[in-house]
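An overview of the molecular structure
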Number of protein chains: 2
Amino acid sequence: MPHNHEELLKHVSSEMPVDELLQDLGDLFKVFGDTTRIKIMYALHEDEMCVCAIADLLKMTQSAISHQLKVLKAANLVASRREGKTIYYRLADEHVKSIIAQGYEHITE
Amino acid sequence: MPHNHEELLKHVSSEMPVDELLQDLGDLFKVFGDTTRIKIMYALHEDEMCVCAIADLLKMTQSAISHQLKVLKAANLVASRREGKTIYYRLADEHVKSIIAQGYEHITE
DNA sequence: TTATCATATGAACGATTGCTCATATGTTCA
DNA sequence: TGAACATATGAGCAATCGTTCATATGATAA
């Protein structure tokens, strides 16, 4: 007969956040889970940059960068301001830096 | 003529980590970027659990959980110990908790 | 207005991902 | 040894993802 975890499950499931929140958490980290987006966030670490500067820096097309900035913005990880034709992007808040910093710590042990 | 960012790019690129590290960072967060894996890590937040208990908790097949645990283990996010037929998984270190906590803070503002 | 620069966006395509299903491996106990 | 349990794994498939390409939108200056 398979073994029993009723008590454990009762306790653990009472501590689990609701599904919607866990889904949102996954969706947030999914945004961090791409090298291009990580690079963009790293580039914005110190100062705002315009789209074409980011594209130059990463040696990628303007379109690809623009698509990814949209993803980052939808997740509230970057914000932007317009100045004439140019649009400058910056990190939206300090969470971005601390999440990346924690990840960095993990992989560099 | 397109506008110029030479100075900015020179500075920013000097501050960028090497590509391999940025790739590793992306790969790490990719692991966090799935609801099933987030749930598993949350379940292990307080105590170790065996595979079938996790499967019961999440109402998913043993196979699906086992596949995901392999991913988590490859990323050094969980560790395991055997006790007879049963294998117990636990969080590998405190980084898991702090990364999730930072993400949690971000989405709950 | 027209030309040019900066950025955004939609469709399409190849690559990756997460699950299922079937089966293999490993452990215990009779 | 054989049966039952716990877990792992490989193949296959649908769904998602990230890029490219073509084109649209928006702003500025002549």
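In this report, the structure presented in the accompanying data block is examined. (Residues numbered from 1 in each chain as written. Chains lettered and ligands numbered in written order. Predicted model: local features only at pLDDT ≥ 70, side-chain atom pairs only at ≥ 80, totals over all residues. Heavy atoms only, no water.)

**Comments concerning the packing of helix α2 (residues 19–32) of chain A against helix α6 (residues 94–107) of chain A**
All names here are of chain A. Contact geometry for α2 and α6: axes closest at 12 Å, N-to-C directions at 75 degrees. In terms of orientation, α2 lies roughly perpendicular with respect to α6. When α2 is examined against α6, the residues Leu 28, Phe 29 and Phe 32 are found in contact with a partner set consisting of Val 96, Ile 99 and Ile 100. Class assignment of the residues belonging to the contact of α2 with α6 gives a composition of six nonpolar, no polar and no charged. (Axes fitted to C-alpha atoms, helices over the stretch in contact; angles between N-to-C directions. Helix = DSSP H or I, 4+ residues; strand = E, 2+ residues; numbered from the N terminus. Parallel < 35°, antiparallel > 145°, perpendicular 65-115°, else oblique. Contact = heavy atoms within 4.5 Å. Nonpolar A, V, L, I, M, F, W, Y, C, P; charged D, E, K, R; others polar.)

**Side note on the interface of chain B and chain A**
Across the contact, 53 residues belong to chain B and 52 residues belong to chain A. The junction of chain B with chain A conceals about 4,500 Å² of combined surface from both sides, 73% of it contributed by carbon and sulfur atoms. When the buried surface of chain B facing chain A is broken down by residue, Phe 29, His 95 and His 106 of chain B rank first, second and third, together holding 14% of it. There are two salt bridges connecting chain B and chain A. One salt bridge connects Asp 19 of chain A with Lys 39 of chain B, and the closest N-O pair in it is separated by 3.0 Å. Between the two partners, chain B and chain A, sit twelve residue pairs in polar contact (both at pLDDT 80 or more). Elements supplying a minimum of two residues to the side of chain B that touches chain A: α1 (6–15), α2 (19–32), α3 (35–43), β1 (49–50), α4 (51–58) and α6 (94–107) of chain B. Sort the elements by how many residues they give to the side of chain B that touches chain A and α2 of chain B lands first, with eleven residues. Among the residues forming the side of chain B that touches chain A, the class breakdown is 26 nonpolar, 16 polar and eleven charged. (Buried area = accessible area lost by both parts, 1.4 Å probe. Salt bridge = Lys/Arg side-chain N within 4 Å of Asp/Glu carboxyl O. Polar contact = N/O pair within 3.5 Å; in protein donor to acceptor, adjacent residues only side chain to side chain.)

**Examining the relation of the copies chain B and chain A**
When chain B is fitted to chain A, the residual RMSD is 0.0 Å, and the transformation amounts to a turn of 180 degrees plus an axial shift of 0.0 Å. One copy is carried onto the other by what is essentially a two-fold rotation axis. Interface overlap between copies is the fraction of interface residues in one copy that are interface residues in the other; for chain B against chain A it reaches 98%, indicating a shared surface. (Least-squares fit on C-alpha atoms with pLDDT ≥ 70 in both.)

**Things to note about the protein's contact with DNA strand C**
Close contacts around DNA strand C come from 28 residues, with Ser 63 and Tyr 89 of chain A together with His 3, Ser 63 and Gln 68 of chain B the closest. Among atoms of DNA strand C positioned within 4 Å of the protein, sugar and phosphate together represent 66%. Residue Lys 70 of chain A places a side-chain N or O atom 3.4 Å away from a phosphate oxygen belonging to DNA strand C. One of the backbone N or O atoms of Ile 87 of chain A is found 3.1 Å from a phosphate oxygen in DNA strand C. For the surface near DNA strand C, the secondary-structure elements that each account for two or more residues are α4 (51–58), α5 (62–74) and β3 (86–91) of chain A together with α3 and α5 (62–74) of chain B. Broken down by element, the residue count for the surface near DNA strand C peaks at five residues, all from α5 of chain A. Tallied by class, residues from the surface near DNA strand C come to nine nonpolar, twelve polar and seven charged. (Near = heavy atom within 4 Å.)

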